[in-house]
Amino acid sequence: MKRKNKQHDLLKLVLLFAIVVLCNIISKYVFYRFDLTSEKRYTLAPATKTLLQNVDDIIYVKVYLEGEFPAGFKRLRNETQLLLEEFRASANDNIEYEFVNPSASTDKTERENVYRQLYEKGLMPTNLEVNEENGKSEQIIFPAAMVTYKGREMPWQLLKNQIGVPPEMVLNNSIQSLEYEFASTIRKLNVPLKPRIAFTEGHGELDTLAVGDIVKSLKEYYDVERVALNENLASLMDRDSSGNGVYTVRPKYKAIVVAKPDSAFSDKDKFVLDQFVMNGGKVLWLLDMVYTNLDSLSRGNTMGLNNGMNLEDLLFKYGVRINPNLVQDMQSSAILVNKALVGNQPRWEMEPWIFNPLSLPSTNHPIVKNLDVIKFEFASTIDTLTNKEIRKSILLTTSKYARTVNTPTRISLAMVNIKPDERKFRNAFLPMAVLLEGQFESVYKNRLTAAIKQSKEIAFKESSKENKMIVVADGDVIKNVVQRSTGNIYPLGYDLTTRQTYGNKNFVLNCIDYLCDDSGLLTVRSREVTLRLMDKKKVKTQRMQWQIVNTAFPVMLVLVVGVVLYFIRRNKFAK
Amino acid sequence: MMSKKNILIFVATFLLGLVATWLIITKSSKSTIRKELRDFAVADTASITKIFLADKKNNSVLLEKINGIWMVNSKYYARMDIMNTLLTTVKSLEVLNPVGKKAQPNIIKTLAAHSIKVEIYQNDKLTKLYYVGGETADQEGTYMLLADPETGENSTMPFAMFIPGFNGYLTTRYLTIEDDWRDRAVFKYLPNNIRSVKVQFAEDAEQSFEVKNDGNNSFSVVELQTQKPVANFDTIAVKQYLSYFQNIHYEALANNFAKKDSVLAAPHYAIISVTDNKNSVNKIKLFKMTAEKGRVNVYGEPLKYDPDRLYALLNDGKEFAVIQYFVFGKLMPEINYFKKK
């Protein structure tokens, strides 16, 4: 009898052990998550879900983040897989994915061919330093994926590089952006017709070379044109006549970009712009309110003069004023200055240049969240006006240590020799880029003759429906460096002096995305995933203590429970 | 007798075991697409013993490894360059992307009409069966469809396949024409395996010669017209000459050339005969090729014969091919070549 019981107990133990093992195996494949995180990091945003409902064919995602790499990247890999599973569940299994190791081949040439192919497709590699027994070695990884939908493919960069941000934060920010970046890629692949956008010309705006890089990037997602206003309403708007004298007016372009004009807009051109806004067109204004001649600066001095563009009243009516001043910021990029004495060989040295502020986005707005620092050159400040109809969101500001100088002002290269005094830079966070949203009122309301106002052909509108525009008080934000002798253009945001690439391109792309996107998808960018990092100081001092607690405590607990149970059973059966 | 509780636990374990097994078999954590649908590649190409390729125009080719040598339709040696390319392709195939649901019917229809059937045998057992179609719109991928090697039943999910690191489509690697696969070697002899080489010129008969390998590093050269041995010949030149016969290829077969008969009716240019140690003779007959109209020499005078190419009758006159002076020229030196300078 006793032996039989023993056999039964043994069988029971084996079976229970098997159940535990099998449950573990099953849970590896089938999982359901209850999102108990405070930030709901594992719940897709409504805009994403709506987007996925419109997916009617297979989206194939090939993720190249597979292999052996540090824990941070493993986390990025696993988070990507979890996100893909979430997307898959919401897209009726229309999402298929595969994780591939691009470094799998043992043949060096083959590996390099794969790297080259991925790079040509737009996937950006990252160099990792790996600790080995004999020292350190470099490893190339591709924290990126290729997304294919209906025969079109588009890269999805999982890791978003940010200058001056600690690696843990970069990884965390990248994980935060995963949902938006993937959803955004799907949206771009799923658009049957690219939205049309245009760069205005005719007022000294930046030429095709100076905006070449951003136009190239925008062309992946938009039909980009150049348009001269020519004081003609038809330049920005289509007018259809229904035959009874009633005209339907609609913008030709989803958005227009006014990139660093340097001469005045005529009233008729302003009217064209105003009616474009009133009819729902979006505008990205990049305006230099102060004119500075950099060529003169190379001779030592230049002047900052008011750049009369005749747009003040228009912008004022929409809710902002760009001040005719120049920002000086202690957080700035640098310029090369010849420090050699006259007559000697030139000796170029990099010096901070307070007229080139670097703006690190600090708000949670989806346009700028987690962006790299954005470089300005001779920027002005923006005042927002009390206009209840318009919501104003400050997108970019100066640093804590800034000030302004009013124009006209003399700008001298010799200023690099004066060490900026922190006490004199007392204006903190001066706005340099503002988003305006709401119902805009026409600057021409109550200013037109009855004939124009009542003209069916002109179809004047006094106010807009819900609309948006972005005003940036520096045209150079969108200007890439051009080597005029060869026509070569550098990536937007690349600084020849510091050899850094700033976040200007992503900022402009996000601006256009935000203006053109009616789905609200960009709001997904503002989601916050809290980085719960360990306190490095505590880790250093209390490491051993916690290691002992974590290893010894469970064993002790089991022993204590065992002893207690033993005595309980002995008491019970002794009776 | 087992208690009810134990039976319950036993049943639960059994069911969980079934679920776990099914999940392990069907799911891979690295991909959501079932392996059996996308598993085109054969990792171990060394174990491949046979590859059969057939297209819809009734062209087919059987590549077989016989005694470690790849043969074409059991008749000819296979060209190792394209054989290696095929084996690399078979090994490295990866999914570029699955074909979208909406495009699937069209692609399957196209594959049914125009595709190449590929059968791969490992250790003489059919282990892989798939169909190779045309290229994707961007020419980066090639449509392929797997089939069950045992039942022959086609998969329902076609894929665009590619080779990582390679830009281009792969259909052209699956050749179904026998001639494309044949090794183009005309002469493939190690110098020590050659007993004699006889070169007979039709026009300059006095230049005809025979080189003999008498064994033990002993050679002789004979003037064929006079049948006199060449005295004091250069042994190094003879050795050099015999070494040329290791890798001599024709450019292309021209069996279906319309003017073949008129070429063969004309006087030949030369005959090269190689006799090996087993007394097997490999004889080729060379004919000059008429130059294309309008071709001139450096002085601007019209050329009668093509300065680059010739015709050759190979394999006991069974085959007709185009060859190049660049390759065959060194096999037909003047007799002075062997004489000591």
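None of these values were measured; they are calculated from a predicted model.

(A) Quick peek at the overall build of chain B. Of regular secondary structure, chain B possesses eight helices and 20 strands. Counting every position in chain B, which comprises 341 residues, the buried fraction comes to 44%. The contacts in chain B between residues at least 6 apart in sequence include a share of 58% that link residues at least 24 apart.

(B) Examining helix α4 (residues 104-113) of chain B more closely. Residues and elements named next belong to chain B. Those residues of α4 that sit buried are Gln104, Ile107 and Leu111. End-on, the buried residues of α4 take up no more than an arc of 70°, which puts them together on one face. Those residues of α4 that are exposed and angled more than 90 degrees off the buried face are Pro105, Asn106, Lys109 and Ala112.

(C) Broad picture of the interface of chain A and chain B. Contacts between the two partners involve 38 residues from chain A, matched on the other side by 40 residues from chain B. When chain A packs against chain B, close to 3,300 Å² is buried across both sides, 59% of that on carbon and sulfur atoms. Across the chain A-chain B interface, the total number found is three salt bridges. As a salt-bridge pair, Lys62 of chain A and Glu94 of chain B come within 3.9 Å of each other at their nearest N and O atoms. At the boundary of chain A with chain B, the tally comes to twelve residue pairs in polar contact (both at pLDDT 80 or more). Every element with two or more residues in the side of chain A that touches chain B is listed here: α1 (2-29), β1 (59-63), α3 (71-90), β2 (95-99) and α4 (108-120) of chain A. Here the side of chain A that touches chain B takes twelve residues from α1 of chain A, the largest share from any one element. Counted by class, the side of chain A that touches chain B contains 17 nonpolar, six polar and 15 charged residues.

(D) Examining a positive patch on the surface more closely. Residue and element names in this part refer to chain B. A grouping of Lys198, Lys212, Lys283 and Lys285 is seen on the molecular surface, where their side chains present a positively charged patch. Within the secondary structure layout, Lys285 lies in strand β18 (residues 281-290). Take Lys285: its relative accessible area is 33%, and that puts it in the partly exposed class.

(E) Main features of the sheet that holds strand β24 (residues 431-441) of chain A. All names here are of chain A. One open sheet holds the seven strands; their spatial order is β8-β7-β11-β12-β25-β24-β21, and the pairing between them is mixed. Because the sheet does not close on itself, it has two edges, and the strands there are β8 (223-228) and β21 (390-397). Neighbour-to-neighbour, the strand axes of the sheet open up by a mean angle of 20°, direction not taken into account. Strand direction decides the pairing type here: strand β12 (residues 282-286) and strand β25 (residues 463-472), joined by four bridges, are parallel. Within β25, the residue paired with Leu286 across the bridge is Val472. Each of β11 (255-259), β12, β24 and β25 touches helix α7 (residues 267-278); the most contacted strand, β25, lies at about 120° to it.

(F) Summary view of the side chain of Ser399 of chain A. Residues and elements named next belong to chain A. Positionally, Ser399 belongs in the loop between β21 and β22 (402-406). Overall, the relative accessible area of 9% leaves Ser399 in the buried class. Separated by 3.2 Å, the side chain of Ser399 and the backbone nitrogen of Tyr401 make a polar contact. If we ignore the near neighbours within four places in the chain, the residues touching Ser399 are Asp329, Gln331, Asn427, Ala428 and Phe429.

Thresholds applied
Residues numbered from 1 in each chain as written. Chains lettered and ligands numbered in written order. Predicted model: local features only at pLDDT ≥ 70, side-chain atom pairs only at ≥ 80, totals over all residues. Heavy atoms only, no water. Helix = DSSP H or I, 4+ residues; strand = E, 2+ residues; numbered from the N terminus. Buried < 20%, exposed > 50% of the residue type's maximum accessible area, 1.4 Å probe, protein only. Contact = heavy atoms within 4.5 Å. Arc of directions from axis to C-beta. Buried area = accessible area lost by both parts, 1.4 Å probe. Salt bridge = Lys/Arg side-chain N within 4 Å of Asp/Glu carboxyl O. Polar contact = N/O pair within 3.5 Å; in protein donor to acceptor, adjacent residues only side chain to side chain. Nonpolar A, V, L, I, M, F, W, Y, C, P; charged D, E, K, R; others polar. Patch = residues over 30% accessible without salt bridge, like charges linked within 9 Å, V, L, I, M, F, W, Y side chains within 5 Å. Areas by Shrake-Rupley, 256 points an atom, 1.4 Å probe, with all protein chains shown as cover. Lys, Arg positive; Asp, Glu negative; His and termini not counted. Charge placed at Lys NZ, Arg CZ, Asp CG, Glu CD. Pairing = 2+ DSSP bridges. Axes fitted to C-alpha atoms, helices over the stretch in contact; angles between N-to-C directions.

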